[in-house]
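Okay, here's what each chain looks like letter by letter:
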Amino acid sequence: MGALWSLEERLRSGVVDGKLADIKQAKKVREMELAMRIATTRERLCWIGMYYSFVGIVSLARSMSMRWRGIQLHWDNAFLPLNIAFFCMPPFLFTYQLDLAMHPTSVLGIHFGGKANRISEEAIRIRDGASHHWFSCKYLPWVDDGSLFIHKPICLPLTLEAAYHRERALSNKAQSAKGLQPEADWAYFSQRCQLEQH
């Protein structure tokens, strides 16, 4: 009878451990997907910023040219005509796609191409919770990605707590064997937690 109970307990523990492993993997997948979305958004914002900076420079040059020629600026001619803004757009759209299609290279000392690599590296920094400049460029914003919500532990029901402690012990042992720091706690427990269906 005791052997049967022990077998049932081991089977139950195996099922719970498997469920916990699925939850941990799903958490990691969601975190990486969100990190990729954030990195892609940052990269697009850089291109949008370059576009508007270029349009602003064109607008400023136009205004200076008009002043130099003695043309009085007023409501009708002070602003950049929309056709010029649209005329400036296709080259940026083309280079945006070319940046994705090309392998990393240098054009006149400017790094170009390898957009996929750049976004993936930024996503890894986001996932690791690093404090850094966007894309490791000192001219771009400084962020502390460790403060993002994806780095917060998730709530799990109390029924998974024993399995979690077993998983943590095995994980920390494996990390230590490779000379790595232990993983941060990725869950906390409450009876009110609802497991998501996957």
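Refer to the structure presented above.
Participant: Summarise the packing of aromatic side chains; cite the residues concerned and give the values.
Facilitator: Using the criterion set out here, one finds 6 aromatic pairs in the structure. Between Trp 47 and Tyr 96, the ring centres sit 5.6 Å apart and the planes meet at 85 degrees, which makes this aromatic pair edge-to-face. One end of the pair, Trp 47, is in helix H1 (residues 2-68); the other, Tyr 96, is in helix H2 (residues 82-101), with 49 residues separating them in the sequence. Grouping residues by exposure puts Trp 47 and Tyr 96 together as buried. Ring geometry for Tyr 51 versus Phe 92: centroids 5.5 Å apart, planes at 80 degrees, classification edge-to-face. Here Tyr 51, found in helix H1, pairs with Phe 92, found in helix H2; they are 41 residues apart in sequence, far enough to count as distant. Across the pair, exposure class does not vary: Tyr 51 and Phe 92 are buried alike. Here a set of aromatic residues connected by ring pairs shows up, and it is made of Tyr 51, Tyr 52, Phe 54 and Phe 92. Here the guanidinium or amino end of Lys 115 rests over the ring plane of Tyr 96, the centre of that ring lying 3.5 Å away.

Participant: Give me the pattern of salt bridges: which residues, what numbers.
Facilitator: Inspection of every chain in the model, using the stated rule, returns 15 salt bridges. A salt bridge links Glu 31 to Arg 127; its shortest N-O distance comes to 2.5 Å. Within this pair, whereas Glu 31 is found in helix H1, its partner Arg 127 is found in helix H3 (residues 115-128), the two being separated by 96 residues in sequence. Judged by its relative accessible area of 5%, Glu 31 is buried. Across the pair Glu 122 and Arg 125 runs a salt bridge, and its minimum N-O distance is 3.0 Å. Taken together, the residues Glu 122 and Arg 125, both in helix H3 and 3 residues apart, mark about one turn of the helix. The class for Glu 122 is buried, based on a relative accessible area of 0%. Counted as one network, the salt bridges with shared partners bring together Lys 24, Lys 28, Glu 167, Arg 168, Glu 183 and Asp 185.

About the cut-offs
- Residues numbered from 1 in each chain as written.
- Predicted model: local features only at pLDDT ≥ 70, side-chain atom pairs only at ≥ 80, totals over all residues.
- Heavy atoms only, no water.
- Phe/Tyr/Trp six-rings, centres within 6.5 Å; stacked < 30°, edge-to-face > 60°.
- Helix = DSSP H or I, 4+ residues; strand = E, 2+ residues; numbered from the N terminus.
- Buried < 20%, exposed > 50% of the residue type's maximum accessible area, 1.4 Å probe, protein only.
- Lys NZ or Arg CZ within 6 Å of the ring centre and 35° of its normal.
- Salt bridge = Lys/Arg side-chain N within 4 Å of Asp/Glu carboxyl O.

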